[in-house]
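# Report on the structure
Residue strings, one per chain:
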2 protein chains.
Amino acid sequence: MSYRIRKAKSSDAKQILSLITELAVFEKEPESVELSAADLKASGFGEFPDFECFVAEKGDKIVGIAIIYMRFSTWKGRTLHLEDLIVSESLRGQGVGTALLNKVIIYGSKIGVKRISWEVLNWNTDAINFYKSKGAIVKSDWNVVHLDEKGIKNYLLKFK
Amino acid sequence: MSYRIRKAKSSDAKQILSLITELAVFEKEPESVELSAADLKASGFGEFPDFECFVAEKGDKIVGIAIIYMRFSTWKGRTLHLEDLIVSESLRGQGVGTALLNKVIIYGSKIGVKRISWEVLNWNTDAINFYKSKGAIVKSDWNVVHLDEKGIKNYLLKFK
């Protein structure tokens, strides 16, 4: 399959959102996607973007995305976080995910980050095996904690 | 106990690092702290800081810290990440952690983030129970994945 990896443009927002939604369906939370294509445009393609995005493009169709932003470790310093690595389901197993991950690792290395991090569902064994084969460490002793929008409101009502 | 919560200043860097190191010892990774106080100063107190920090100060001693930075959820939008919430061991159980967490939640609410996230070790039941009592959701189905500095180098040697 012929495709190219490039930085995302503002006009890709609709197709990017479509892949984000595809992943949310796979992760059994289709109703969780609250962002619109306009939100994505505003967040990712203004003067101070909240994230950067690489896309895999086949013809005029975006078949994969990698969304990244900076984080900070108080042990190591600046790190890069891979928020989403998504390949359209019908095109998996053809090296698109690897090509996008390569781009992210090369980028992280060039800007000198001390770590690249991401999160994976513990039942997604295909993804876990893929990441392990690349040398990543899956840290099953750390749990992710969320206080969502409703939780923030409740917290302030109860404890402030 | 009398203490006050305030934003950290550059001159706090040494005491902040001392608390970071104290937590690393508790988390059984004392050798993992690679940052110096000078690194912290440069990262956190320049024109474009990598993080923000609140401190709890008792007299002239910093007894607790909360270190935060922005992240981005492709489902929700801008989120706030709590990288470290640390209270010096001898002063735990006196409300310092709660006061710092309150400050972080109020801050997140004021800037309108859609979620506040953090990570917790799965054997740290005191912390887990504390967070749950505040309405946070501990997501044990998500694993944290790290490709560390050595992993990045090896990746590029093998797969590029």
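### Examining the interface of chain B and chain A
The interface of chain B with chain A comprises 60 residues on the first partner and 60 residues on the second. A breakdown of the residues in the side of chain B that touches chain A according to their chemical character gives 27 nonpolar, 16 polar and 17 charged.

### Quick look at the relation of the copies chain B and chain A
Turning one copy of the chain about an axis and sliding it along that axis gives the other copy, so a rotation and a shift relate them. For the pair chain B and chain A, the best superposition has an RMSD of 0.0 Å and corresponds to a rotation of 180° with a translation of 0.0 Å parallel to the axis. Both copies of the chain, as the preceding transformation shows, are related through a two-fold rotation axis. Taking C-alpha positions as reference, the residue of chain B nearest the rotation axis is Asn143 of chain B, located at 3.3 Å. Most of the interface of chain B is mirrored in chain A, where 100% of its interface residues again form contacts.

### Quick notes on the packing of helix 5 (residues 149-159) of chain A against helix 3 (residues 96-110) of chain B
Packed helices, taken two at a time, are described by their axes: the angle between them and the distance between them. Helix 3 of chain B packs onto helix 5 of chain A with a crossing angle of 130° between their chain directions and a minimal axis gap of 10 Å. For the element pair helix 5 of chain A / helix 3 of chain B, the angle class is oblique. Crossing angle aside, the handedness with which helix 5 of chain A passes helix 3 of chain B is left-handed. Touching Ile152, Tyr155, Leu156 and Phe159 of chain A of helix 5 of chain A are Asn102, Ile105, Ile106, Gly108 and Ser109 of chain B, all from helix 3 of chain B. Across the contact of helix 5 of chain A with helix 3 of chain B, the residue classes break down as six nonpolar, three polar and no charged.

### Digging into the sheet that holds strand 7 (residues 142-148) of chain A
Across the sheet, seven strands lie side by side as 1(B)-2(B)-3(B)-4(B)-5(B)-7(A)-6(B); this open sheet has mixed pairing. The sheet is open, and its two borders are formed by strand 1 (4-7) and strand 6 (137-139) of chain B, each paired with just one other strand. The mean angle between the axes of side-by-side strands here comes to 30°, regardless of whether they run parallel or antiparallel. Note that strand 4 (residues 77-87) of chain B and strand 5 (residues 115-121) of chain B share two bridges and pair parallel. The partner of Leu80 of chain B across the bridge, within strand 5 of chain B, is Ile116 of chain B. Across the sheet, helix 1 (residues 13-26) of chain B is in contact with strand 2 (52-58), strand 3 (61-73) and strand 4 of chain B; its angle to strand 4 of chain B comes to roughly 85°.

### Points about unusual backbone geometry
Glycine aside, the phi torsion of most residues is negative, and most peptide linkages are trans. Phi angles above zero are rare outside glycine, and Lys28 of chain A is one such case at about 65°. The topology assignment puts Lys28 of chain A in the loop between helix 1 (13-26) and helix 2 (37-44).

### Here we look at helix 1 of chain A
Residues and elements named next belong to chain A. Compared with the 20 Å implied by 1.5 Å per residue over 14 residues, the 20 Å span of helix 1 between its first and last C-alpha is a close match. Turning to helix 1, its buried residues number three or more, namely Ala13, Ile16, Leu17, Leu19, Ile20 and Leu23. An end-on view of helix 1 places all buried positions within 160° of arc, on one side of the element. Residues of helix 1 that are buried make contact with helix 2, strand 2 (52-58), strand 3 (61-73) and strand 4 (77-87). Remark: Lys28 follows helix 1 within two positions and exhibits a positive phi of approximately 65°.

Conventions we followed
- Residues numbered from 1 in each chain as written.
- Chains lettered and ligands numbered in written order.
- Predicted model: local features only at pLDDT ≥ 70, side-chain atom pairs only at ≥ 80, totals over all residues.
- Contact = placed C-beta atoms within 7 Å.
- Nonpolar A, V, L, I, M, F, W, Y, C, P; charged D, E, K, R; others polar.
- Least-squares fit on C-alpha atoms with pLDDT ≥ 70 in both.
- Axes fitted to C-alpha atoms, helices over the stretch in contact; angles between N-to-C directions.
- Helix = DSSP H or I, 4+ residues; strand = E, 2+ residues; numbered from the N terminus.
- Parallel < 35°, antiparallel > 145°, perpendicular 65-115°, else oblique.
- Left-handed = near helix turned anticlockwise from the far one by under 90°.
- Pairing = 2+ DSSP bridges.
- Expected span 1.5 Å × (residues − 1).
- Buried ≥ 20, exposed ≤ 12 C-beta atoms within 10 Å, placed from the backbone.
- Arc of directions from axis to C-beta.

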